[in-house]
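If you want the building blocks of each chain, they are given just below.
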Amino acid sequence: MKNLILVVVLFFAGFSIQAQQKVNKNAKYVIEVSGNCEQCQNRIQKAAFSVPGVKSAVWSIETHQLSLILNEEKTTILAVKTAIAKAGHDSEDIKASTESYDKLPGCCQYEKK
């Protein structure tokens, strides 16, 4: 009986260790974020960095691509997209509310899709 309990404990401990190893502390993502100018760039990057666990956030004005490096132990890509939407900018699957979008300066109001 003791051997059976020991085997079961080791079995679950092995799964626990394996699950912990799959967390990426330097996960890289590239997402599309709507915007127009340097003010947008600053706002988008600031919103991304406001999420704990974001290590790098660089948004390109030309391509509208946000390159991210984040610690998946501390955050998710969904949390970053949500923060950006609250700042007034749409991403691929999270859209800014009309209220957030309307607060953007005129030069930052992009064509909503």
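This text gives an overview of the structure that appears in the document.

Cut-offs used in this document
Residues numbered from 1 in each chain as written. Predicted model: local features only at pLDDT ≥ 70, side-chain atom pairs only at ≥ 80, totals over all residues. Heavy atoms only, no water. Helix = DSSP H or I, 4+ residues; strand = E, 2+ residues; numbered from the N terminus. Buried < 20%, exposed > 50% of the residue type's maximum accessible area, 1.4 Å probe, protein only. Contact = heavy atoms within 4.5 Å. Areas by Shrake-Rupley, 256 points an atom, 1.4 Å probe, with all protein chains shown as cover. Expected span 1.5 Å × (residues − 1). Arc of directions from axis to C-beta. Pairing = 2+ DSSP bridges. Axes fitted to C-alpha atoms, helices over the stretch in contact; angles between N-to-C directions. Phe/Tyr/Trp six-rings, centres within 6.5 Å; stacked < 30°, edge-to-face > 60°. Lys NZ or Arg CZ within 6 Å of the ring centre and 35° of its normal.

Description of the overall build of the protein
(1) Moving on: On a plain count of helices and strands, the protein comes out with 4 helices and 3 strands.
(2) Moving on: Taken from the N to the C terminus, the helices and strands of the protein come in the order α-β-α-β-β-α-α.
(3) Moving on: Counting over 113 residues, the protein shows a buried share of 33%.
(4) Moving on: A fraction of 52% describes how many contacts in the protein between residues 6 or more apart in sequence connect residues 24 or more apart.
(5) Moving on: For the protein, the exposed area adds up to about 7,400 Å²; of that, 57% sits on carbon and sulfur atoms.

As for helix α2 (residues 38-49)
(1) Moving on: With 12 residues, α2 should reach 16 Å at 1.5 Å per residue; the first-to-last C-alpha distance of 16 Å fits that figure.
(2) Moving on: Taken as a whole, α2 has its buried residues at Cys 40, Ile 44, Gln 45, Ala 47 and Ala 48. Take α2 and look down its axis: the buried residues cluster within an arc of 160 degrees, on one side only. Facing away from the buried side of α2 by more than 90 degrees, the exposed set consists of Glu 38, Asn 42 and Lys 46.

Re the environment of Cys 108
(1) Moving on: With respect to the helices and strands, the residue Cys 108 is situated in the segment after α4 (98-102).
(2) Moving on: According to the relative accessible area criterion, Cys 108 is buried, its value standing at 0%.
(3) Moving on: In this structure the C-alpha to C-alpha distance between Cys 108 and Gly 88, which are 20 residues apart in sequence, comes to 9.3 Å.
(4) Moving on: Not counting residues up to four positions away in its chain, the partners in contact with Cys 108 are Asn 36, Cys 37, Gln 39, Cys 40 and Arg 43.

Comments concerning the pairing of strand β3 (residues 65-70)
(1) Moving on: Going residue by residue along β3, you find Leu 66, Leu 68 and Leu 70 tucked away on one face and Gln 65, Ser 67 and Ile 69 left uncovered on the opposite face.
(2) Moving on: Both strand β1 (residues 27-32) and β3 contribute to a ladder of 6 bridges, which runs antiparallel. Counterpart to Glu 32 in the pairing with β3 is Gln 65.
(3) Moving on: Sheet topology places strand β2 (residues 54-59) next to β3; 5 bridges connect them, and they run antiparallel.

Points about the sheet that holds β2
(1) Moving on: Across the sheet, 3 strands lie side by side as β1-β3-β2; this open sheet has antiparallel pairing. In the strand order of this sheet, the two ends are held by β1 and β2, each with one partner. Across this sheet, the average inter-strand angle for adjacent strands is 15 degrees, counted without regard to direction.
(2) Moving on: Those strands touched by helix α3 (residues 77-86) are β1, β2 and β3, and its axis lies near 135 degrees from that of β3.

Let's talk about the packing of aromatic side chains
(1) Moving on: Here the structure, examined in full by the defined rule, presents 1 aromatic pair.
(2) Moving on: Look at Tyr 101 and Tyr 110: their rings are 5.0 Å apart centre to centre, the planes differ by 80 degrees, and that puts the pair in the edge-to-face class.
(3) Moving on: Judged by its relative accessible area of 12%, Tyr 101 is buried.
(4) Moving on: Sitting over the ring of Tyr 101, Lys 112 keeps its end group 5.1 Å from the ring centre.

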